[in-house]
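One-letter residues, chain by chain:
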Amino acid sequence: QNATFAGTVTATSFSGSGANLTNLPASGGSVDLTANGAIAANKPVVVNSSGQGEEVTVPASAFGSMVEGATYSTNGTKVVTNGSGQFAVIWSDGGDLRIKVATVSGTSISFGTQQTINGSGFASRGSFDVTYVPTRSCYMVAHKGTNQYCYATPFTVSGTSVSVGSRTQLGYNYITDEINIAADTSKSDGLCSVWFKMNYPNSSSPKVYIQTVKPHATNVLSAPVNTGNSYIAGYTGMTAFSVDFNPKQNRFYGLFVTSGDNHLWLETWTLSSAGNPSIAGQYEITDVNEGYDKTDVIYNPAIERIILLYKKSTGDAVTLRPVNYDGGWEISDEYTSVGSTNNGNGWGGTLGYFAPTCEIIVHYNNSSDKGIVRPVKITGSGGTYSYTLGTATEYGDSSDTGNYKSFDMVDASPHGAFLTFADNSDGGKPQGRIWNIGKTNLTTENFIGFASAGISSGATGTINIVGNSSTQSSLTPGQKYYVQANGTISTTEDIVASVVAGVALSSTKLLIKGN
């Protein structure tokens, strides 16, 4: 009997192969697209916003021009962003701090009108830091000031203008140094932790001090409010402090070095709603050979871990190390292949994170005393990690040495990374520069298939799409493959964009699937 149905009929079970079914859609489809740039045969292809095909690739990085930010010499630089295209730079000038808004267009930078934070002649490299407080839409600077005590000063940005607020003293009436600050982004009132060294009760018995401060409740430019504080037993010769916040855990991580024995000390804490620090306990790492200069810590959202940066005594190796605290310490193995640094007057180690490529950006000076930036992609979990190194590149004037001593960077997507530093070949004047880091054209939505043959730029060619196949090599039959950000395929998802390429039918044939 024949039956007629209106609407959609869904089968719940099947019998037979379906080989005699007719009028089905064609399998193994393809499309013809005009190539934007040359596309090699059997390479993965994306469609751009103009409807053209592009080979999946990562273009070469490039620097914009250096832009002089001021006519004075500086010995300390910081750059901070609200994460939405707003940038402010802070440079030390004779012990005071100067702030300017930086406007970015492509790889070009222009600076706004200068404002001042009073450092009373004491604010210089290592004695000031800045963070953005997203829940209060303001910035907070922790810095040395009158009598070398520690202070917090807020500021706001509107257009190209900066408004500086009133300051508040942090801690007690003792000399401070190694000042760092980070915001607890989970707290609606904008709580920040300031991590610094204080000569309490004297310089022979200093303490590692944690002071919590927050913007004023009704006017963020009024004097900030001290809340909780705590300190841990100190050591003589403490130096190289750094701090960051893990938003996945709502936990701070701080780092410092004891120069007498070249040991590195790691600390972690959380804040109560009232701002009181709850300290978990120290972890000691030996054999680092710091003593004089820098460490850094940064949160890597790709692996949800804090990354440590320090210098090893063996071969002056620039060293990375993911760590985590969750009722106990997870301390991964060291990675010492980033590069070797100069063991002279410091080495300037600094970390940044570039979201479009999911890479840590490592800054250091090389054995020729030149400032270097190098991307590093970290993958893995549970204490076991793999590292992929990008190109190590000089960022300053080719004749300049020592510019690494005053350096900072932030993600300035989509333009690249924003670098600020002192150019010693220009009298130590502060500079701004955009580093357009090469980032893939692959997203989770734009992959369409593989080129059936090579296509010249501007020519029209055939792209095999879902249901069709592509010729590859060294495949494992039955294995799922993913498109990688650099245009290769792998059995592992790329952390930048998880895109299914297909399933291997043989060692040379891939059935195209897509997401």
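Right above here is the structure, for reference.
Residues numbered from 1 in each chain as written. Predicted model: local features only at pLDDT ≥ 70, side-chain atom pairs only at ≥ 80, totals over all residues. Heavy atoms only, no water.

### Things to note about the overall build of the protein chain
In step 1: For the protein chain, the count of helices and strands is 0 helices and 43 strands.
In step 2: Each of the 515 residues in the protein chain was classed as buried or not, and the buried ones make up 50%.
In step 3: For the protein chain, long-range pairs separated by at least 24 residues make up 56% of all intrachain contacts whose partners lie at least 6 apart in sequence.
In step 4: Accessible area of the protein chain: about 21,100 Å², with a carbon and sulfur share of 43%. (Helix = DSSP H or I, 4+ residues; strand = E, 2+ residues; numbered from the N terminus. Buried < 20%, exposed > 50% of the residue type's maximum accessible area, 1.4 Å probe, protein only. Contact = heavy atoms within 4.5 Å. Areas by Shrake-Rupley, 256 points an atom, 1.4 Å probe, with all protein chains shown as cover.)

### Thoughts on the nonpolar core
In step 1: Within the largest apolar cluster, 20 residues are counted, with the highest numbers of intra-cluster contacts made by Ile-307, Leu-320, Val-338, Leu-351, Ile-360, Val-362 and Ile-378.
In step 2: Those elements that provide at least two residues to this core are strand E26 (305-311), strand E27 (318-325), strand E29 (350-354), strand E30 (359-365), strand E31 (371-381) and strand E32 (384-389).
In step 3: Those residues within four positions of Val-362 in sequence are excluded, and the remaining contacts are Leu-309, Val-318, Leu-320, Val-338, Thr-350, Leu-351, Ile-372, Val-373, Arg-374, Val-376 and Met-409.
In step 4: The next biggest cluster of nonpolar side chains, apart from the first, holds 17 residues, and it includes Val-133, Ala-152, Phe-196 and Met-198. (Core = buried A, V, L, I, M, F, W, Y, C linked by side-chain atoms within 4.5 Å.)

### Some thoughts on the pairing of E30
In step 1: Most of E30 is tucked away: 7 of the 7 residues are buried.
In step 2: The alternating pattern of E30 places Glu-359, Ile-361, His-363 and Asn-365 and Ile-360, Val-362 and Tyr-364 on opposite faces, both of which are buried.
In step 3: Taken together, the 5 bridges between E29 and E30 define a ladder with antiparallel strand orientation. The partner of Thr-350 across the bridge, within E30, is His-363.
In step 4: Relative to E31, E30 is paired through 7 bridges, and the arrangement is antiparallel. Each bridged residue has a counterpart across the sheet, and for Ile-360 the counterpart in E31 is Val-376.
In step 5: Hairpin connection from E30 to E31: 5 residues lie between these consecutive antiparallel strands, with Asp-369 at a positive phi of about 70 degrees. (Pairing = 2+ DSSP bridges.)

### Some details on the pattern of salt bridges
In step 1: Scanning all chains against the criterion turns up 12 salt bridges.
In step 2: Across the salt bridge formed by Lys-248 and Glu-304, the nearest N and O atoms sit 3.5 Å from each other. Remark: Glu-304 occurs in the loop between strand E25 (296-300) and E26 and Lys-248 occurs in the loop between strand E20 (238-246) and strand E21 (251-258); sequence separation between them is 56 residues.
In step 3: You can call Glu-304 partly exposed: its relative accessible area is 32%.
In step 4: Residues Lys-429 and Asp-426 are paired through a salt bridge, measuring 3.9 Å at the closest nitrogen-oxygen approach.
In step 5: For Lys-429, a relative accessible area of 22% translates into the label partly exposed.
In step 6: Within the structure, one salt-bridge network assembled from shared partners comprises Lys-312, Arg-321 and Glu-334. (Salt bridge = Lys/Arg side-chain N within 4 Å of Asp/Glu carboxyl O.)

### Considering the environment of Ala-412
In step 1: Along the polypeptide, Ala-412 turns up in the loop between strand E34 (407-411) and strand E35 (417-423).
In step 2: By relative accessible area, which is 0% here, Ala-412 ends up buried.
In step 3: Sequence separation of Ala-412 and Ser-259 is 153 residues, and the distance between their C-alpha atoms is 35 Å.
In step 4: Discounting residues that sit within four places of it in the chain, Ala-412 has contacts with Phe-87, Ala-417, Phe-418 and Ile-434.

### Side note on the sheet that holds strand E16 (residues 176-183)
In step 1: Across the sheet, 4 strands lie side by side as E16-E17-E18-E19; this open sheet has antiparallel pairing. Each having just a single partner strand, E16 and strand E19 (225-232) make up the two edges of the open sheet. Taken over all neighbouring pairs, the strand axes of this sheet differ in orientation by 20 degrees on average, direction set aside. (Axes fitted to C-alpha atoms, helices over the stretch in contact; angles between N-to-C directions.)

### Observations concerning the side chain of Asp-96
In step 1: Among the secondary structure elements, Asp-96 is positioned in strand E8 (residues 96-105).
In step 2: Arg-98 provides the closest opposite charge to the buried, unpaired Asp-96, separated from it by 4.3 Å.
In step 3: One polar contact links the side chain of Asp-96 to the main-chain amide nitrogen of Gly-119, over a distance of 2.8 Å.
In step 4: Asp-96 has contacts with Trp-91, Thr-116, Ile-117, Asn-118, Gly-119, Ser-120, Gly-121 and Ala-123, leaving out every residue within four places of it along the chain. (Lys, Arg positive; Asp, Glu negative; His and termini not counted. Polar contact = N/O pair within 3.5 Å; in protein donor to acceptor, adjacent residues only side chain to side chain.)

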